[in-house]
Amino acid sequence: MTPGNTESSIQIVGICGSLRETSYTRQALQVALQGAKEFGAETDLVDLRDYDLVLCDGRGDEHTYPAGVFQLREEVTAAHGILLGTPVYHGGFSGVLKNAMDLMGFREFEGKMIGLVGVSGGRTGAVQALNTLRSIGRALHAWVIPEEVSVPEAWKAFDAAGRPKDPEIEKRLKGLGRQVTRFALLHNSDHAQEFLRMWESAPANPGAVDK
């Protein structure tokens, strides 16, 4: 599969789990989305500051949620691939991102390709936070790709224009965006869809033992 050689339009969204005005998470996601765009995807940055979200409180009548909740759900549902970006807070990922994901569910994530990006202020990076996000992706029946990007000491990792100072970090972030797009393309290709239809309509194995 080569850039621009798509069977249909592939939409990749990046969800920024940081509300900071000058967010390193947002900068990292923008680089990853650029990689997805270079591979032929349509991209959109979901900046949670722009949504009127409330805390997920398990209310019985979801119609009482503000419009921003439904807007977020629709935008993520329409995507073929998702980049999740988070800062590290106390060794884990951000509460802002957790709440946004709690307001969504299988409809938005199931069967989607997911790539993970984490930034931290310290040298140890975001591996712990990304491992937790990986587990949540599995719980939502999403396909979390093996590649992930952890940006340590993010406060000195980007220049004034938001570009990574380290070419290797930029390469990895763009590569993550390309990989999510690539797998989303493969997963949504005519061949893959035909295989899934054949698999779902296949007769039961007559030699199988029903335990």
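These remarks concern the structure in this document. (Residues numbered from 1 in each chain as written. Predicted model: local features only at pLDDT ≥ 70, side-chain atom pairs only at ≥ 80, totals over all residues. Heavy atoms only, no water.)

Digging into the overall build of the protein
For the protein, the helix and strand inventory stands at 7 helices and 5 strands. Starting at the N terminus and ending at the C terminus, the protein contains elements arranged as β-α-β-α-β-α-α-β-α-β-α-α. In the protein, which comprises 211 residues, the share counted as buried stands at 44%. Long-range pairs, those at least 24 residues apart, make up 74% of the contacts in the protein between residues at least 6 apart in sequence. Summed over all atoms, the accessible surface of the protein reaches about 11300 Å², with 53% contributed by carbon and sulfur. (Helix = DSSP H or I, 4+ residues; strand = E, 2+ residues; numbered from the N terminus. Buried < 20%, exposed > 50% of the residue type's maximum accessible area, 1.4 Å probe, protein only. Contact = heavy atoms within 4.5 Å. Areas by Shrake-Rupley, 256 points an atom, 1.4 Å probe, with all protein chains shown as cover.)

Some remarks on the environment of phenylalanine 109
In this structure, phenylalanine 109 sits in helix α4 (residues 106-109). As for phenylalanine 109 and arginine 73, which are separated by 36 residues in sequence, their C-alpha atoms are 9.9 Å apart.

What to know about the sheet that holds strand β1 (residues 11-16)
Ordered by their spatial adjacency, 5 strands build an open sheet running β2-β1-β3-β4-β5, and the pairing between neighbours is parallel. Only two strands of the sheet have a single partner each, and these edge strands are β2 (42-47) and β5 (143-151). For this sheet the average axis-to-axis angle between neighbouring strands, irrespective of direction, equals 15°. Relative to strand β3 (residues 81-87), β1 runs parallel, the two sharing 5 bridges. Paired with glycine 14 across the two strands is leucine 83, which belongs to β3. Sitting on the sheet, helix α6 (residues 167-187) touches β1, β3, β4 (113-119) and β5, and the angle it makes with β5 is about 170°. (Pairing = 2+ DSSP bridges. Axes fitted to C-alpha atoms, helices over the stretch in contact; angles between N-to-C directions.)

Points about helix α5 (residues 127-139)
Since one α-helical turn is 3.6 residues long, residues separated by three or four positions face the same way. Between its first and last C-alpha atoms α5 spans 19 Å; for 13 residues at 1.5 Å apiece the expected length is 18 Å, and the two agree. For α5, the set of buried residues is Ala129, Leu130, Leu133, Arg134 and Gly137. Seen along its axis, α5 keeps its buried residues to an arc of 145°; they face one direction. Relative to its buried face, α5 has exposed residues pointing more than 90 degrees away, namely Gln128 and Arg138. Those residues of α5 that are buried are in contact with β3, α3 (95-102), β4 and β5. At the C-terminal side of α5, histidine 141 shows a positive phi close to 60°. (Expected span 1.5 Å × (residues − 1). Arc of directions from axis to C-beta.)

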